[in-house]
Amino acid sequence: MDIQENQQAVDISKPPYLHLISAFLAMEPPDVLISLARKCGGGLIGESIQGFIWNNYINTTVGDGGCQQGPYLKRVLKKLIGEIESDGGVVLDELYEHYAFIMTNLKGDNFSGGNSRVLKRISFLFPDECCELSSCPKSKKLEVSLHCSVNMLEGDTGCSIWPSSLFLSEFILSFPNIFSNRSCFEVGSGVGLVGICLAHVKASAVVLSDGDLSTLSNMRLNLESNLLSTRIDVPECKKDASTVQCVHLPWESATEIELQNFAPDIIVGADVIYDPLYLPHLVRVLTVLLKRGTSFPNHGSVRSEGCQPDSKCIRSEVQHADFEFDSSKGKAESCSAPCVEDKDDALERRPVAYIASVIRNIETFNYFLELTKEANLTVADITENSKPFDLLPYAKSYQRSTIRIFSISYN
Ligand SMILES: C[S@@+](CC[C@H](N)C(=O)[O-])C[C@H]1O[C@@H](n2cnc3c(N)ncnc32)[C@H](O)[C@@H]1O
């Protein structure tokens, strides 16, 4: 079969084709790809869809030196060929041949020499209603390349992309005015995705931190891959919009003076509430960073974003809680805070933290709440009133409904 003959005119910049390619680039599981491919083909994965996949993903990945993706491609091709055959369809020769090539060259699950790191390309797709957001590129697509591990455990925790960092990134891109022109500091930054989004919305300074040295070097590689220059371990945070600073900062050994020197306006963190052993240290770090008083002479008014998909709440510069957790009882309480902040209150403001988290273990989370209460911090669940746009509609393996976002401030 000639692939060119089988290619119908398709618009790669529009769903469902855009979603299919985005899912391939983000290395979504084979099942997700199959269901998106079927959507493109009206139920079947015919020759024209196969040709589209070959031309727009597999062939370009091979040409890209994408041998890192070998184990993934092997799983995808196996599933794809199996599905087409069980439909009674014709499989393109190119797909068979490439599968055979991978099978011959791939030893075990590694590709010549072995490397458990892969390159995922995460595409944030802005729907039409987002076009007025300052974070929305002309192309309506922000693609971030991330070297990461496919192994979430076994010492590679910080080199994997955790779901809360996807959610926090969507939050940053959906509410850019919260972060633009503010100095931002991230705890437990992992692969650096959140920092790349903060730089994209023009935070005045971005400091990323992690306690793990191999995570930091992978993070720097990612920042450079996304054309961001990095500064390494400069102890005092001099605000600098053009670079992202990467800091080795284990929570347990960070000193008060070291932390106070960062003096950020906003602190962020994704999936950092999980290890009870380190929670007291994390809460101490957050408390020192949040305790500082700050004035924002240029941010006294509340600005709306223009796009208001959620009629219940204006997408304002500062978002508020709909729930406060009663840490003594470990349950959420209703909060009557308004959606839009008083202008006078906004004039003199302390730093705020935005922490996204999957609550995997309620006891661990309640322990975190107890510690924050003792430290005089207010934790508010803002997930419902400040829902970010779904900018990753193709990423079916990412269950955004399991993620909460909390704003934390010092009383
Ligand atoms: C579950 S990962 C989340 C990574 C990233 N935020 C994300 O969501 O993809 C937790 C991160 O916190 C870092 N971390 C864990 N304990 C830490 C500690 N005691 N001090 C500093 N960083 C720590 C890990 O190295 C890792 O990068």
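Provided above is the structure to which this section pertains.
Thresholds, definitions, all that
Residues numbered from 1 in each chain as written. Predicted model: local features only at pLDDT ≥ 70, side-chain atom pairs only at ≥ 80, totals over all residues. Heavy atoms only, no water. Helix = DSSP H or I, 4+ residues; strand = E, 2+ residues; numbered from the N terminus. Polar contact = N/O pair within 3.5 Å; in protein donor to acceptor, adjacent residues only side chain to side chain. Expected span 1.5 Å × (residues − 1). Buried < 20%, exposed > 50% of the residue type's maximum accessible area, 1.4 Å probe, protein only. Near = heavy atom within 4 Å. Areas by Shrake-Rupley, 256 points an atom, 1.4 Å probe, with all protein chains shown as cover. Nonpolar A, V, L, I, M, F, W, Y, C, P; charged D, E, K, R; others polar. Core = buried A, V, L, I, M, F, W, Y, C linked by side-chain atoms within 4.5 Å. Domains from an automatic or database assignment. Contact = heavy atoms within 4.5 Å. Phe/Tyr/Trp six-rings, centres within 6.5 Å; stacked < 30°, edge-to-face > 60°. Axes fitted to C-alpha atoms, helices over the stretch in contact; angles between N-to-C directions. Parallel < 35°, antiparallel > 145°, perpendicular 65-115°, else oblique. Salt bridge = Lys/Arg side-chain N within 4 Å of Asp/Glu carboxyl O.

Peer 1: Just checking my understanding: could you explain the side chain of Asp210 for this structure?
Peer 2: Within the fold, Asp210 resides in strand 6 (residues 205-210). Of the polar contacts made by the side chain of Asp210, one reaches the backbone nitrogen of Ser189; its length is 3.2 Å. Side-chain polar atoms of Asp210 contact the backbone nitrogen of Gly190, separated by 3.1 Å.

Peer 1: In this structure, what is going on with helix 7 (residues 163-174)? I would like to understand it.
Peer 2: An α-helix turns once every 3.6 residues. As a result, residues three or four positions apart point the same way. Helix length check: helix 7, at 12 residues, gives a terminal C-alpha distance of 17 Å against a target of 16 Å (1.5 Å per residue), a fit within 8%. With 12 of its 12 residues buried, helix 7 lies for the most part within the structure. Where helix 7 is concerned, the buried positions are Pro163, Ser164, Ser165, Leu166, Phe167, Leu168, Ser169, Glu170, Phe171, Ile172, Leu173 and Ser174.

Peer 1: Is there a simple way to think about the site of the ligand in this case?
Peer 2: In the vicinity of the ligand lie 21 residues, with Trp162, Gly188, Asp210, Glu252 and Ala270 positioned nearest. In the model, a nitrogen atom of the ligand is placed 2.9 Å from a nitrogen or oxygen of the Glu252 side chain. Here the ligand has 590 Å² of accessible area as a free molecule, and 93% of this is covered by the chains. In terms of residue class, the shell around the ligand is made up of eight nonpolar, nine polar and four charged.

Peer 1: Sorry if this is basic, but what is going on with the nonpolar core here?
Peer 2: Side chains that are nonpolar tend, in soluble globular proteins, to be buried together. In terms of nonpolar packing, the biggest core is built from 90 residues, with Phe124, Leu168, Phe179 and Tyr354 touching the most fellow members. When residues are assigned to domains, this core turns out to be shared by domain 1 (3-111) and domain 2 (161-410), each giving three or more. Each residue touching Leu168, except ones within four places of it in the same chain, is listed here: Val194, Val268, Gly269, Ala270, Tyr354, Ala356 and Ile405. Counting residues in hydrophobic clusters, the runner-up holds 32 residues, among them Leu279, Leu286, Leu377 and Val379.

Peer 1: Quick question: what am I supposed to make of helix 10 (residues 213-225) here?
Peer 2: The first and last C-alpha atoms of helix 10 sit 19 Å apart over 13 residues, in line with the 18 Å expected at 1.5 Å per residue. Looking only at helix 10, the buried set comprises Thr215, Leu216, Asn218, Met219, Arg220, Asn222 and Leu223. Residue Leu227 follows helix 10 closely and has a positive phi angle near 60°.

Peer 1: Explanation requested: the packing of aromatic side chains in the structure shown.
Peer 2: The geometry of an aromatic ring pair is captured by two quantities: the separation of the ring centres and the angle between the planes. The final tally for this structure, using the stated rule, is nine aromatic pairs. Considering the side-chain rings of Phe365 and Phe406, the 5.1 Å spacing of their centres and the 35° angle between planes classify their relative orientation as tilted. With Phe365 in helix 14 (residues 362-374) and Phe406 in strand 16 (residues 403-410), this residue pair connects regions lying 41 residues apart in the sequence. This pair shows no difference in class: Phe365 is buried, exactly as Phe406 is. Counting every residue linked through ring pairs, the aromatic cluster contains Phe171, Phe175, Phe179 and Tyr354.

Peer 1: So what exactly am I meant to see when it comes to the packing of helix 7 against helix 9 (residues 193-200) here?
Peer 2: In the contact formed by helix 7 and helix 9, the axes pass within 9 Å of each other and the chain directions differ by 5°. Between helix 7 and helix 9, the crossing angle belongs to the class labelled roughly parallel. Contacts between helix 7 and helix 9 pair Ser165, Leu166, Leu168, Ser169, Ile172 and Leu173 from the former with Leu193, Val194, Cys197, Leu198 and His200 from the latter. Of the residues that constitute the contact of helix 7 with helix 9, the class distribution is eight nonpolar, three polar and no charged.

Peer 1: Which parts of the structure should I look at to understand the pattern of salt bridges?
Peer 2: Side-chain pairs of opposite charge can arise whenever the charged atoms involved come near each other. Inspection of the entire model under this criterion finds 15 salt bridges. Here Asp31 and Lys79 are joined by a salt bridge, their closest N and O atoms 3.2 Å apart. On the criterion of sequence distance, the pair formed by Asp31 in helix 3 (residues 30-40) and Lys79 in helix 5 (residues 70-86) is long-range, its members being 48 residues apart. Of the charged contacts, one joins Lys140 and Asp128 as a salt bridge, the two residues approaching to 2.4 Å between their closest N and O atoms. Of this pair, Lys140 sits in the loop between strand 3 (117-125) and strand 4 (141-149) while Asp128 sits in the loop between strand 3 and strand 4; the two residues are 12 residues apart in sequence, bridging distant segments of the chain. Look at Lys140 and you get partly exposed, because its relative accessible area is 28%. Within the structure, one salt-bridge network assembled from shared partners comprises Asp31, Arg38, Lys79, Glu83 and Asp87.

Any functional reading would require information beyond the geometric quantities listed.
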